[in-house]
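Coordinates in review
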Amino acid sequence: MKSIPSRLAAIAAAFAAILGAPAMAHEEGGWSIAIHGGAGTLGRKDMTPERDAAYRAALRQALDAGAKVLREGGTAMDAVEAAIVIMEDDARFNAGRGAVYTWDETHELDASIMDGRDRSAGAVAGVTGIRHPIRLARKVMTDSPHVMLAGKGAQQFASEQDIEMAPPEWFDTPERLEALKRLKAEKLSAIDVDIKFGTVGAVALDKSGNLAAGTSTGGMTGKRWGRIGDAPVIGAGTYADNAACAVSATGWGEYFIRVGVARTICLRMQMKGEDAQTASDAVIAEVGALGGDGGVIVVAPNGDAVFSMNTSGMYRGRATSKGTSEVGIYADE
């Protein structure tokens, strides 16, 4: 008969087999960050050289802001917020300023953020007039007992927390209004008028080995009835767990919610021992099999920063302590 220690060792081995191989260890002092600014129909033929250069410069600014936080020893949470705030202020992206119009010609904003240290999270949905929804989401996490606030209640909470507001015209852009008018006049879908799925996001690993993820969006052109996508849904558009990975998604939210994209990627890495690229590709393929489009950015505990998409492009970038620093737009880059 086996001794108790032997039996305990056998049980431990069995659980290890079930859980899969452990994530590769964090390299002391190493850091990593990845960002995205939306995925969709982004072909070279649709981009002038000037527009291409402008998007790359915008991505570089956001990436560098997040990387600076990490390089100087800041937290993954602060790095994620720093990168997203810049994209929320840039009218090129559909988050904050430049958010798409709802059917009623307003802007309804969603955002979420998650800390991989303890899986604490905050999210807001359907808010208006909030200059930086990602900051409000973080306040929900740190200064309320809740994970998600929506609509008027979230607005009240924002006021109590002295969150910066902006007038309606701050969010207005002629291109977004034209997209809404086309949608209504030609009875098109949001997919037809939006060349990309406008969501911004960031994932990061700091020098202490902590992961974080955040996502912010204006949603889909012409949305009605208080529609909410995956961006503020923890486990769908955003997820972070030090034991697995950090994920931010961009795409057709209804499908990303149904698949539980962000959490599923982390689970595959944790339970099956898959690397970040393998897990991401498998889950995006599952989204595609259902009929959905989009992409993800993922950072693993070992610092791997990867992208996966089933679209022709995704505005994106990544930087690491090992010297990687790059931005891209098209799928074949």
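Check the entry above for the structure.
Calculation rules
Residues numbered from 1 in each chain as written. Predicted model: local features only at pLDDT ≥ 70, side-chain atom pairs only at ≥ 80, totals over all residues. Heavy atoms only, no water. Helix = DSSP H or I, 4+ residues; strand = E, 2+ residues; numbered from the N terminus. Polar contact = N/O pair within 3.5 Å; in protein donor to acceptor, adjacent residues only side chain to side chain. Contact = heavy atoms within 4.5 Å. Buried < 20%, exposed > 50% of the residue type's maximum accessible area, 1.4 Å probe, protein only. Salt bridge = Lys/Arg side-chain N within 4 Å of Asp/Glu carboxyl O. Pairing = 2+ DSSP bridges.

**Quick word on the side chain of T199**
With respect to the helices, strands and loops of the structure, T199 is situated in strand β6 (residues 199–205). A polar side-chain atom of T199 sits 3.2 Å from a polar atom in the side chain of T217. With sequence-adjacent residues up to four places away left out, T199 is seen in contact with H36, G37, G38, N94, T215, S216, T217, A231, A249 and T250.

**Regarding helix α4 (residues 133–143)**
When we look at burial in α4, the residues that qualify are P133, I134, L136, A137, R138, V140 and M141. Where α4 is buried, its residues contact α3 (76–88), β2 (109–115), β3 (120–127), β4 (148–150), α5 (151–160) and β7 (211–217).

**Observations regarding the pattern of salt bridges**
Taken as a whole and judged by the stated rule, the model has 19 salt bridges. Between E164 and R131 there is a salt bridge, with its nearest N and O atoms 2.9 Å apart. Of the two residues, E164 is situated in the loop between α5 and α6 (168–171) and R131 in the loop between β3 and α4; the sequence distance between them amounts to 33 residues. Here the salt bridges do not stand alone but share partners, grouping D78, E81, R135 and R138 into one network.

**Observations regarding the pairing of β2**
For a regular strand, side chains alternate in direction, first toward one face of the sheet and then toward the other. Here β2 lies mainly inside the structure; seven of its seven residues are buried. Burial of the side chains of β2 extends over both faces: L109, A111, I113 and D115 are buried on one face and D110, S112 and M114 on the other. Across six bridges, the pairing between β2 and β3 is antiparallel. Bridging across to β3, L109 finds its partner in V127. Count of turn residues in the β2/β3 antiparallel hairpin: four residues, of which R119 carries a positive phi of about 60°. Two strands pair when backbone bridges link them, and β2 and β7 are joined in this way by six bridges, in the antiparallel orientation. Note that in β7 the partner of M114 across the bridge is A213.

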